[in-house]
Every structure is written in C-alpha cells, then in structure tokens.
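Examination of the molecular architecture
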Amino acid sequence: MNKLNTSKWTKYKLLRKSSKLSVNLPETAWLRESSFWRMIKKYGEIIIKPTGSYGGNGVIRIKKMDSSTYEVQDGAAKKSFTQYSQLNAYIKKKALNNNIIQRRIPLATVNDRPFDLRVMVQRRLDSPWEVTGKLAKVAGKGFIVTNIRLSSGKVVSLDYALKNSELKKMRAADLHSQLDKVALKAAQQLSPYYSWVRTMGIDMALDKEGNVWIIEVNFAPMLELFLKLKDKSMFQKMKSFHKSKPINRVN
C-alpha cells in the first residue's frame, strides 16, 4: 500500500470513495476530448492541470465566453479560440501529457483577486490527525493560480482574507470549523492508503457562497509558507510535528 501512486488523480479517486466528502470535491476527470467538451458545456469554466506537478506549474483555465469563443489563460497570458477545430487541436495536445480537468470553483476574492487556502493536518505516531495551521494565498494581479512564486501573490491570515472578501458577513468561527472538519475527513480518508504520511498540506477553497472545497492534497508541503505570517506560532507547532516525520517522500 505504501507504494500507491501519489498523483493528484489517484488521490482524487481515493477521496471520492467517501460519500461524506463528495459534496466538497469539484468534479474532476482525466483529460480527454470527450471529458473536456462535457465539462465545459456543463460548467462554462474549467481548470486543466498536470496530475504529477506541484506549485501551480502547468495550470490553465478555459472559459466559455459566448457560443463560439473560448478564452484560455496560462499564467497571466490570455488567448481566445473562435474555431472549434483550433480548440480541439489544443485539447488533444494537452491530453497527451497526463493532465486532469477540474471544475473551476468561483473562488472568494480579496480586492478582486481569488484566494485559496492551505490547511495543514498532521499527526504524531499512534495519535489522531489534527489541524495545525491555516492560511490564505491570494493570487497576484491578473493570475488565476495562487502560487506565490508563479503569480507574485501574497500570503495572509485566513481571518484577514475573510474580513476582506465576499464572506465578511459570515461567522468566521463557522467557516474555520467547517474547514477543519473537511480537512480532517480528507486526511482520515487518505491515511489508510498512505500509512507513511504524517503531514498533509490540503489546498482548499471557499467559494463566494462560503462552501468548502478540496482542491488537492500535498504530502510534501512547504512549512515555510507559514513564516510569511506575522504570527509564527502555527509554524512552530507544525515544525514540532514535522521533526518526527519518517522517510521523506516527494509528492
């Protein structure tokens, strides 16, 4: 079991086995021409990303603008396809490179910039999982990915993001609680398949209605991201768990 593939696609399929988590998982499929056209028709906006990459590399967004125009965004660059054959050729090329397709969640925003969340879940030997830290990653201007390096975005506390977003009228304590609940369920669902993992960085999101989503789960998350917060207590707590981590494996 320890040798199970750690790709995004494999972890999604394992999470999907939980009926309790199904409502928190954006529809995801292996990229094919058929899955692309089905999902772009259903949602109007999708994300394509490599199943084995990390850090936001290779992530593109495709949005249906009108009946014949589709906008493709890669980083901050955008281009439009107005011919079916051109877009189909683009998708066929992407489908050769182990990509998955995922529903694009309408992320809550700070100053019109989307943000998502990093929720850290850890456990000590023979101890239950616990949430040890949460932060928000705000995308750089003009970007769809929140990765700090790629988009020149910024890290802020979750409470700051909530107070400066569409969710400011919702009770922050309720949102924290729901995020914790879903993150712990995700860790509990995956841990039987990856028994060597004791630290998970769960990329999560809140949409504009306050619904909680799981974007993906990382087994080798950067703890240093939390050093960008003024409050260093979460980093210190996570570090205490991380020190006793067994053999390090690359996500």
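Below is a short write-up of the structure. (Residues numbered from 1 in each chain as written. Predicted model: local features only at pLDDT ≥ 70, side-chain atom pairs only at ≥ 80, totals over all residues. Heavy atoms only, no water.)

Things to note about the nonpolar core
By size, the foremost hydrophobic cluster in this structure holds 41 residues, and its most contacted members are Leu117, Met200, Ile202, Met204 and Ile214. The set of elements that each furnish at least two residues to this core consists of α1 (8-16), β8 (113-122), β9 (130-138), α5 (158-163), α6 (172-190), β11 (199-206) and β12 (212-218). A total of 7 residues in this core trace back to one element, the largest contributor, which is α6. Excluding residues within four positions of it along the chain, Ile202 makes contact with Leu117, Arg118, Val119, Val121, Ala183, Ala186, Ile214, Glu216 and Val217. Core analysis: the second largest hydrophobic core is formed by 18 residues, Ile46, Tyr70, Leu87 and Tyr90 among them. (Core = buried A, V, L, I, M, F, W, Y, C linked by side-chain atoms within 4.5 Å. Buried < 20%, exposed > 50% of the residue type's maximum accessible area, 1.4 Å probe, protein only. Helix = DSSP H or I, 4+ residues; strand = E, 2+ residues; numbered from the N terminus. Contact = heavy atoms within 4.5 Å.)

Quick notes on the pairing of strand β2 (residues 45-50)
Remember that side chains alternate between the two faces of the sheet whenever the strand is regular. Along β2, 6 of the 6 residues are buried, which leaves the element largely enclosed by surrounding structure. Neither face of β2 is exposed, since Glu45, Ile47 and Lys49 on one face and Ile46, Ile48 and Pro50 on the opposite face are all buried. Bridge analysis of β2 against strand β6 (residues 99-103) gives 5 bridges, and the strand direction is antiparallel. When the bridges of β6 are listed, Ile48 appears paired with Ile101. (Pairing = 2+ DSSP bridges.)

Things to note about the packing of α1 against α6
Helix packing for two helices is described by the angle between their axes and how far apart those axes are. Interaxial distance between α1 and α6 falls to 9 Å at its minimum, and their mutual angle equals 105°. With respect to α6, the element α1 is oriented roughly perpendicular. Packed against α1, whose contacting residues are Lys11, Leu14 and Leu15, the element α6 presents Ala186, Gln189 and Leu190 at the interface. Class assignment of the residues belonging to the contact of α1 with α6 gives a composition of 4 nonpolar, 1 polar and 1 charged. (Axes fitted to C-alpha atoms, helices over the stretch in contact; angles between N-to-C directions. Parallel < 35°, antiparallel > 145°, perpendicular 65-115°, else oblique. Nonpolar A, V, L, I, M, F, W, Y, C, P; charged D, E, K, R; others polar.)

Notes on the pairing of β11
Buried residues dominate β11, accounting for 8 of its 8 residues. Burial of the side chains of β11 extends over both faces: Thr199, Gly201, Asp203 and Ala205 are buried on one face and Met200, Ile202, Met204 and Leu206 on the other. With 6 bridges joining them, β8 and β11 adopt antiparallel strand pairing. Directly across from Leu117, in β11, lies its bridge partner Met204. Bridge analysis of β11 against β12 gives 6 bridges, and the strand direction is antiparallel. Along β12, the bridge assignment pairs Leu206 with Val212. Counting the residues between successive antiparallel strands, the hairpin from β11 to β12 contains 5 residues, one of them, Gly210, with a positive phi of roughly 90°.

Remarks on the sheet that holds strand β5 (residues 77-81)
In space, the 6 strands of this open sheet follow the order β1-β6-β2-β3-β4-β5, with antiparallel pairing throughout. Two strands lie at the open edges of the sheet, namely β1 (28-30) and β5, each paired on one side alone. Averaged over all neighbouring strand pairs, the angle between strand axes comes to 25°, with direction disregarded. In the packing of α1 onto the sheet, the strands contacted are β1, β2 and β6, and the crossing angle to β1 comes to about 130°. Packed on one face of the sheet, helix α2 (residues 33-43) meets β1, β2, β3 (60-64), β4 (70-74) and β6 and runs near 15° to β6.

Some words on the packing of α2 against helix α3 (residues 84-95)
Where α2 contacts α3, the axes come no closer than 9 Å and their chain directions differ by 125°. With respect to each other, α2 and α3 are oriented oblique. Regarding α2 and α3, the two cross each other, and that crossing is right-handed. Residue-level inspection shows Glu33, Phe36 and Trp37 of α2 in contact with α3, the latter providing Tyr84, Leu87, Asn88, Ile91 and Lys92. Its residues assigned to classes, the contact of α2 with α3 comprises 5 nonpolar, 1 polar and 2 charged. (Left-handed = near helix turned anticlockwise from the far one by under 90°.)

Some details on the packing of aromatic side chains
A complete count under the given rule lists 9 aromatic pairs for this structure. On the basis of an interplanar angle of 15° and a centroid distance of 5.8 Å, the ring pair of Trp9 and Tyr12 is categorised as stacked. Of this pair, Trp9 and Tyr12 both sit in helix α1, separated by 3 residues, roughly a single helical turn. In this structure, Trp9 and Tyr12 share a single accessibility class: buried. Arranged with centres 5.7 Å apart and planes meeting at 90°, the rings of Trp37 and Tyr70 form a pair that is edge-to-face. (Phe/Tyr/Trp six-rings, centres within 6.5 Å; stacked < 30°, edge-to-face > 60°.)

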